[in-house]
Amino acid sequence: MAENTYLIRGAAILGGDAQDLLIRDGVIAAVGTDLSEDGATVIDGKGLIALPGMVDVHTHLREPGREDAETVETGTRAAALGGFTAVHAMANSNPVADTAGVVEQVHSLGRASGWVDVRPVGAVTVGLAGEQLAELGAMADSRAQVRMFSDDGICVHDPVLMRRALEYVKAFDGVVAQHAQEPRLTAGAQMNEGTVSAVLGLTGWPAVAEESIIARDVLLAQHVGSRLHVCHVSTAGSVEIVRWAKARSINVTAEVTPHHLLLTDELVRSYDPVYKVNPPLRTDADVQALREGLADGTIDVVGTDHAPHPSEHKECEWAQAAMGMTGLETALSVVQVTMIETGLMTWADFARVTSFTPAVIGRVADQGRPLEAGEPANVILVDPAARWTVDPHKMATMGRNSPFKGKELPGSVVATFYKGHPTVLEGRLNTPYQHPAVSSS
């Protein structure tokens, strides 16, 4: 019994009252005070917060084909250390995840790794080329059971194709996750269009390039009665458009990244390519609007947009550098410093935007569940009082492109339970969960 039974004593559930959690055979067996269980492994939860495992709707695991940047194994190790028990793997691998065969490969790699639940995201268009719809139905019917589709990194800019995709996914309750970027307005763009870009002489990336696509797509979603998800919202105007759409009961959800909650385009003055990202870092006014939008529910979830790159793709001149930042191992801390320590959100709110709602958007039935008896034991323990300094070379991800390098952040993940198994203990990787019959999955 000791091998699969754990008694967490005195952890603050969602930041509230301290209680005990008994985990047995992958399920939360009991929640209460003064619990006991013969043979259980006891974990001292005093001073810790118990939360549901985090669910990321936006992760780049790079495999297959780009294993020099990340693999499913390394990326999911990073996810577990960051407090995640499920991630959605974006489709821009090589080959692109635009067929049942590729999404099943990613799904199988995730099961074999055993650190978190890996949910493949299918491409909207063949090869991300924006010319014809990919095999959406086949991917939905595959073993991977894909429910989210995105050409992330590239906008589905053809309104006819976008309409068809939104219509198609209705048949299996899927969602189209749009990378909102009008390509004709961002040709050659290097950073946010504004005062700093003018001073630096870098081609600007206007807010309207994002906002115009979101406005178009919420109207398309309304027209066909389908689900739309907006990836990495980054401007104050985008928040207002999503707020307008929700007020009219349009079925739209939106995400914000941790880095867009904290960092601004002022950092680009350093010309350090670690700050080059798509969409770009915006202004302080945008950051404040994003925080307020997340706090009031206009923005539904935090998505990391974890985008690891080989060092040579980042340690070069700005113009040639790849866009993207790592985020899985710093997400919790950044949300704590921007949203919780500012008083904008509670830890219960944190669970809503990092676990409950992301699981609903991705249609992941056994994730993002309440910490109650009978529920799957996807649980994390967080030390909110901890302070740590970000060192990318000590992270599990292969990517060293963290924009928080050298920054002291609050909060650390002490333990991660995935399907009742401790993948992380005392802040370090333990052992992966062994899925039954991995070879036949």
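Residues numbered from 1 in each chain as written. Predicted model: local features only at pLDDT ≥ 70, side-chain atom pairs only at ≥ 80, totals over all residues. Heavy atoms only, no water.

**Points about the packing of aromatic side chains**
Phase 1: Tallied over the full model, the rule gives five aromatic pairs.
Phase 2: Aromatic side chains Y6 and F417 sit 5.4 Å apart centroid to centroid with 65° between the ring planes, which places their arrangement in the edge-to-face category. One end of the pair, Y6, is in strand 1 (residues 5-13); the other, F417, is in strand 17 (residues 408-418), with 411 residues separating them in the sequence.
Phase 3: Here F417 falls in the buried class, since its relative accessible area comes to 0%.
Phase 4: Three or more aromatic residues joined by ring pairs form one cluster here, namely F149, Y168 and F172. (Phe/Tyr/Trp six-rings, centres within 6.5 Å; stacked < 30°, edge-to-face > 60°. Helix = DSSP H or I, 4+ residues; strand = E, 2+ residues; numbered from the N terminus. Buried < 20%, exposed > 50% of the residue type's maximum accessible area, 1.4 Å probe, protein only.)

**Focus on the side chain of R291**
Phase 1: Relative to the helices and strands, R291 is located in helix 9 (residues 284-295).
Phase 2: No salt bridge forms around the buried R291; measuring N to O, its nearest opposite-charge neighbour D284 is 6.6 Å away.
Phase 3: Reaching out from R291, the side chain makes a polar contact with the backbone oxygen of L261 at a distance of 2.9 Å.
Phase 4: Dropping the residues within four chain positions of it, R291 is found in contact with L261, L262, T338, M339, T342 and L344. (Lys, Arg positive; Asp, Glu negative; His and termini not counted. Salt bridge = Lys/Arg side-chain N within 4 Å of Asp/Glu carboxyl O. Polar contact = N/O pair within 3.5 Å; in protein donor to acceptor, adjacent residues only side chain to side chain. Contact = heavy atoms within 4.5 Å.)

**Quick notes on the side chain of R282**
Phase 1: Following the sequence through the fold, R282 ends up in the loop between helix 8 (258-262) and helix 9.
Phase 2: The exposure class of R282 is buried, given its relative accessible area of 2%.
Phase 3: Within the structure, the side chain of R282 is placed 2.9 Å from the backbone oxygen of W205, a separation counted as a polar contact.
Phase 4: The residues contacting R282, other than those within four sequence positions of it, are N192, W205, P206, A207, E210, S234, T235, L263, T264 and D265.

**Observations concerning the sheet that holds strand 8 (residues 117-120)**
Phase 1: Read across the sheet, three strands follow the order 6-7-8 without closing on themselves; strand pairing throughout is parallel. Looking at the sheet topology across the chains shown, the edges are occupied by strand 6 (54-59) and strand 8. Averaged over all adjacent pairs, the angle separating strand axes in this sheet is 20°, with direction ignored.
Phase 2: As judged from the four bridges shared by strand 7 (residues 84-89) and strand 8, these two strands associate in the parallel manner. The residue of strand 8 that forms the bridge with V87 is V118.
Phase 3: Contacts between helix 2 (residues 100-113) and the sheet are confined to strand 7 and strand 8, with strand 8 contributing the most and set at about 175° to the helix.
Phase 4: Helix 11 (residues 347-362) rests against strand 6, strand 7 and strand 8 of the sheet, and its axis sits at about 60° to strand 6. (Pairing = 2+ DSSP bridges. Axes fitted to C-alpha atoms, helices over the stretch in contact; angles between N-to-C directions.)

**What about the pattern of salt bridges?**
Phase 1: Considering all chains together, one arrives at 19 salt bridges under this definition.
Phase 2: The salt bridge partner of R227 is D173, with a shortest N-O separation of 3.6 Å. Residue R227 is located in the loop between helix 6 (207-224) and strand 13 (228-230), and its partner D173 is located in the loop between helix 4 (159-169) and strand 10 (175-178); the two are separated by 54 residues in the primary sequence.
Phase 3: Looking at R227, the relative accessible area reads 9%, which means it is buried.
Phase 4: The exposure class assigned to D173 is partly exposed, which follows from its relative accessible area of 36%.
Phase 5: Several salt bridges converge on common partners, so that one network encompasses D173, R227 and R363.

**Some words on the sheet that holds strand 9 (residues 148-149)**
Phase 1: The strand order across the open sheet formed by five strands is 9-10-13-14-15, and the pairing between neighbours is parallel. Looking at the sheet topology across the chains shown, the edges are occupied by strand 9 and strand 15 (301-302).
Phase 2: Where strand 13 and strand 14 (residues 252-256) come together, three bridges link them in parallel fashion. Counterpart to H229 in the pairing with strand 14 is T253.

**Brief notes about helix 4**
Phase 1: For helix 4, the complete set of buried residues consists of L161, M162, A165, L166 and V169. Relative to the axis of helix 4, the buried residues are bounded by an arc of 135° and lie together on one face.
Phase 2: Contacts made by the buried residues of helix 4 are with helix 3 (136-141), strand 9, strand 10, helix 6 and strand 13. (Arc of directions from axis to C-beta.)

**Focus: helix 6**
Phase 1: The end-to-end C-alpha distance of helix 6 is 26 Å, a good match for the 26 Å that 18 residues give at a rise of 1.5 Å each.
Phase 2: Residues A209, E210, E211, I213, I214, R216, D217, V218, L220, A221 and V224 constitute the buried set of helix 6.
Phase 3: Close packing links the buried residues of helix 6 with helix 4, strand 10, strand 13, helix 7 (236-247) and strand 14.
Phase 4: Taken from the residues just after helix 6, G225 is the one with a positive phi, measuring 70°. (Expected span 1.5 Å × (residues − 1).)

**Details of unusual backbone geometry**
Phase 1: The omega angle of the peptide bond from N94 to P95 is 10°, so this bond is cis rather than trans.
Phase 2: Structurally, the position occupied by P95 is in the loop between strand 7 and helix 2.
Phase 3: The omega torsion across N278 and P279 is -5°, close enough to zero to call that bond cis.
Phase 4: Mapped onto the secondary structure, P279 falls in the loop between helix 8 and helix 9.

**Quick notes on the pairing of strand 2 (residues 18-24)**
On a regular strand, each side chain points to the face opposite its neighbour's, so the side chains alternate between the two faces of the sheet.
Phase 1: In this sheet, strand 2 lies alongside strand 1 in antiparallel orientation, the contact comprising six bridges. From the neighbouring strand, T5 faces strand 2, where its bridge partner is R24.
Phase 2: Taking the residues between adjacent antiparallel strands as the criterion, strand 1 and strand 2 are bridged by four residues, where L14 takes a positive phi near 55°.
Phase 3: Relative to strand 3 (residues 27-32), strand 2 runs antiparallel, the two sharing five bridges. Across the sheet, the residue bridging to D20 is G32, located in strand 3.
Phase 4: Adjacent in sequence and paired antiparallel, strand 2 and strand 3 are bridged by two residues, among which D25 carries a positive phi angle near 50°.

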